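Residue strings, one per chain:
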Amino acid sequence: MLPAVLRCARPIPAIPALSRPLAHFRPHMDPDPSRPVERAIRTKLTDSLKPDHLEVHNESHMHAVPPGSESHFRVLVVSSLFEGLPLIKRHRLVNEALKDELSTCVHALAIQAKTPEQWGSNPALVKSPPCMGGSRGDHTVEEKLKGGRE
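The name given to the chain in an unreviewed UniProt entry is BolA-like protein 1, and the organism recorded there is Xyrichtys novacula. Quoted verbatim from the Function (unreviewed entry) heading of the UniProt record, the comment on the chain is "Acts as a mitochondrial iron-sulfur (Fe-S) cluster assembly factor that facilitates (Fe-S) cluster insertion into a subset of mitochondrial proteins. Probably acts together with the monothiol glutaredoxin GLRX5. May protect cells against oxidative stress." The heading Sequence similarities (unreviewed entry) in the UniProt record of the chain holds the text "Belongs to the BolA/IbaG family."

Undergrad: Break down unusual backbone geometry for me, with residues and values.
TA: Residue Lys50 is not a glycine yet carries a positive backbone phi of 45°. In this fold, Lys50 is placed in the loop between helix 2 (36-49) and strand 1 (53-58).

Undergrad: Describe in detail the pattern of salt bridges, supporting the description with residues and values.
TA: Using the criterion set out here, one finds five salt bridges in the structure. Of the charged contacts, one joins Lys99 and Glu96 as a salt bridge, the two residues approaching to 3.0 Å between their closest N and O atoms. The exposure class assigned to Lys99 is partly exposed, which follows from its relative accessible area of 48%. In the salt-bridge network here, residues are joined through shared partners; they are Lys44, Asp100 and Glu101.

Undergrad: Hey, could you go over the nonpolar core for me, with residue numbers and the actual values?
TA: Counting residues in hydrophobic clusters, the biggest one holds 18 residues, and the most contacted among them are Ile41, Leu45, Phe73, Val75, Val77, Val94 and Leu109. For this core, the secondary-structure elements that each account for two or more residues are helix 2, strand 1, strand 2 (72-78), helix 3 (87-97) and strand 3 (108-114). With four residues, the single largest contributor to this core is helix 2.

Undergrad: Summarise helix 3; cite the residues concerned and give the values.
TA: Since there are 3.6 residues in each turn of an α-helix, residues three or four apart along the chain are aligned in direction. Buried within helix 3 are the following residues: Arg90, Val94 and Ala97. Seen along its axis, helix 3 keeps its buried residues to an arc of 65°; they face one direction.

Undergrad: Can you break down the confidence of the model for the chain residue by residue, with the values?
TA: Confidence in the prediction of the chain, expressed as mean pLDDT, is 76, and 65% of residues score 70 or more. Confidence, read as mean pLDDT per element, is least for helix 6 (residues 141-149) in the chain (44) and greatest for helix 3 (98). Across residues 11-29 the pLDDT falls below 50, and counting only partners more than four positions away or on other chains, this stretch makes 13 contacts in the model. Segment residues 144-150 is flagged for pLDDT under 50; beyond a separation of four residues in sequence, or across chains, it makes nine contacts in the model.

Undergrad: Can you explain the pairing of strand 3? Please cite residues and give values.
TA: Two faces, one strand: in a regular strand the side chains alternate between the faces of the sheet. Among the seven residues that make up strand 3, five are buried, leaving the element largely enclosed by the rest of the structure. Relative to strand 3, strand 2 runs parallel, the two sharing seven bridges. For Val75, the partnering residue across the bridge sits in strand 3 and is Ile111.

Reading guide: rules and limits
- Residues numbered from 1 in each chain as written.
- Predicted model: local features only at pLDDT ≥ 70, side-chain atom pairs only at ≥ 80, totals over all residues.
- Heavy atoms only, no water.
- UniProt positions renumbered as here; feature names shortened; annotations may be inferred.
- Helix = DSSP H or I, 4+ residues; strand = E, 2+ residues; numbered from the N terminus.
- Salt bridge = Lys/Arg side-chain N within 4 Å of Asp/Glu carboxyl O.
- Buried < 20%, exposed > 50% of the residue type's maximum accessible area, 1.4 Å probe, protein only.
- Core = buried A, V, L, I, M, F, W, Y, C linked by side-chain atoms within 4.5 Å.
- Arc of directions from axis to C-beta.
- pLDDT = per-residue confidence, 0-100.
- Contact = heavy atoms within 4.5 Å.
- Pairing = 2+ DSSP bridges.

Structure below.
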């Protein structure tokens, strides 16, 4: 598991995100080339589900993983392909589209799958709760992560 997480890590940029010029701003549906896992998620969901609206949020920073990781995501997919499908089948479509990522470097995926009508009546994205588990309380994690990179 650890090598898969490390494959998803990327270096921290030298310039803080808040000081970047506006030219680097990208709307939610435009993939960032410096985030390969996020880009793959966007591309695969777009190709397979033809969404009217898509949001992909990397929530790895909220968990006990190395900085720059791409291991925890929340997606909001609004697609007419979800019409008439129960929630479990919608989630299965998303999971099927992302099976490669889920079997390698994506550790957690929160899914909101809505029809355009549902999105029109409630365009909210549910917020994630704070991380409560994992290795956050384990003070040996840094050593374990260093060992996994060697």
